[in-house]
Amino acid sequence: MPFVASLFLATPLAGPLMKSSAHAPAKITTTKAAVVATPLARFDATLHETYSRLGAAQQGLRFEVFQKAMTGYLNLRETGHLTASQQHLTVVDFDLPSTEKRLWVLDLNSDKILFHTLVAHGHNSGENGADQFSNTDQSNMSSLGFYVTGQEYEGKHGHSLRLQGLDEGFNTNAFTRSIVMHGADYVSEDFIKQNGRLGRSLGCPALPLDQYSQIIDQVKGGSCLFLNKSNAGYTSKYLNQNVALAALASKRAANS
């Protein structure tokens, strides 16, 4: 069942067993305590259920990263930034080194992980790890935050996908910087074996040549992309749990 299809209700808890004296038959009494789940608790439970159905832990996507990505996805859906029919969420975790698969494409309609693969970071963001980020033109760094995918086109890197950054001060210059999703020969296991890390882009989330076109075809046209890095000073108005809760409530009302 898709993650937006249900929220979870807490069940009553049984009280302790009560014993009588040694000469009388034991009597058992129970006390029912109604547990009222708060909206935030139900939200957290929903995300954990979705995370489990996706099998995300088994594919290396940490829950805290998934939680941020989902909160932003719901914010963007509630505020009309995403195409209604686009239920793909792409997550990049720059807490991981380039030698590890750190990009996931999630299908939230079918609760499946469609891709889990390598992705490059910007040349000036770091060597094997990405530690520096910028929204400045010609910085050759990656930019953190939430993006909406645009349309595909044929450019100098072949089949590519335009990206619109939404986080002011973090990635809103992505379009003018020509930060796009594209394929690159330096994003491969062979490159890692020869160099000890992936090659680096000019700031683009570059993908393996044997997967980039399929990924672009899945996520083009108004889906959500989230680039994560912990403890990097990143903040976003789209990490608003109240708005995410409203998005869940709207979906429940539409399905009822």
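Nothing here was measured: the structure is a model prediction, and the numbers come from that model.

*Asks:* Could you clarify how one ought to interpret the overall build of the protein in this entry?
*Replies:* When you go through the protein residue by residue, the secondary structure sums to five helices and eight strands. When its helices and strands are written in sequence order, the protein yields α-α-β-β-β-β-β-β-α-β-α-β-α. Across the 256 residues that make up the protein, the buried fraction comes to 46%. Once local pairs closer than 6 in sequence are excluded, the contacts in the protein between residues at least 24 apart make up 62%. For the protein, the computed accessible surface area is about 12700 Å², with 52% contributed by carbon and sulfur atoms.

*Asks:* So what exactly am I meant to see when it comes to the pattern of salt bridges here?
*Replies:* Pairing is possible between side chains of opposite charge, provided their charged atoms come close. Throughout the structure, instances matching the rule amount to nine salt bridges. A salt bridge links Arg62 to Asp93; the nearest nitrogen and oxygen atoms lie 2.9 Å apart. Placement of Arg62 in the loop between α1 (39-54) and α2 (63-78) and of Asp93 in strand β1 (residues 88-93) is noted, with a sequence separation of 31 residues between them. The class of Arg62 is partly exposed, set by a relative accessible area of 28%.

*Asks:* Just checking my understanding: could you explain the sheet that holds strand β4 (residues 145-155) for this structure?
*Replies:* With mixed pairing, the eight strands of this open sheet are ordered in space as β3-β2-β1-β8-β4-β5-β6-β7. With partners counted over all chains shown, the strands left at the sheet margins are β3 (112-117) and β7 (206-207), one partner each. Across two bridges, strand β5 (residues 158-165) lies against strand β6 (residues 180-183) in antiparallel orientation. Note that in β6 the partner of Leu161 across the bridge is Met181.

*Asks:* Looking at this structure, how should I read the pairing of β1?
*Replies:* Across a regular strand the side chains alternate sides, sitting on one face of the sheet and then on the other. Within β1, six of the six residues are buried, leaving the element largely enclosed by the surrounding structure. Of the two faces of β1, the one holding His88, Thr90 and Val92 and the one holding Leu89, Val91 and Asp93 are both buried throughout. Sheet topology note: the β1/strand β8 (residues 224-228) ladder contains five bridges and is parallel. What sits directly across from Val92, in β8, is Leu227.

*Asks:* Looking at this structure, how should I read the pairing of β8?
*Replies:* Counting buried residues in β8 gives five out of five residues, a clear majority hidden from the surface. Every second residue of β8 is oriented toward a common face, with Cys224, Phe226 and Asn228 on one face and Leu225 and Leu227 on the other, all of them buried. Across four bridges, β4 lies against β8 in antiparallel orientation. From the neighbouring strand, Phe146 faces β8, where its bridge partner is Phe226.

Parameters at a glance
Residues numbered from 1 in each chain as written. Predicted model: local features only at pLDDT ≥ 70, side-chain atom pairs only at ≥ 80, totals over all residues. Heavy atoms only, no water. Helix = DSSP H or I, 4+ residues; strand = E, 2+ residues; numbered from the N terminus. Buried < 20%, exposed > 50% of the residue type's maximum accessible area, 1.4 Å probe, protein only. Contact = heavy atoms within 4.5 Å. Areas by Shrake-Rupley, 256 points an atom, 1.4 Å probe, with all protein chains shown as cover. Salt bridge = Lys/Arg side-chain N within 4 Å of Asp/Glu carboxyl O. Pairing = 2+ DSSP bridges.

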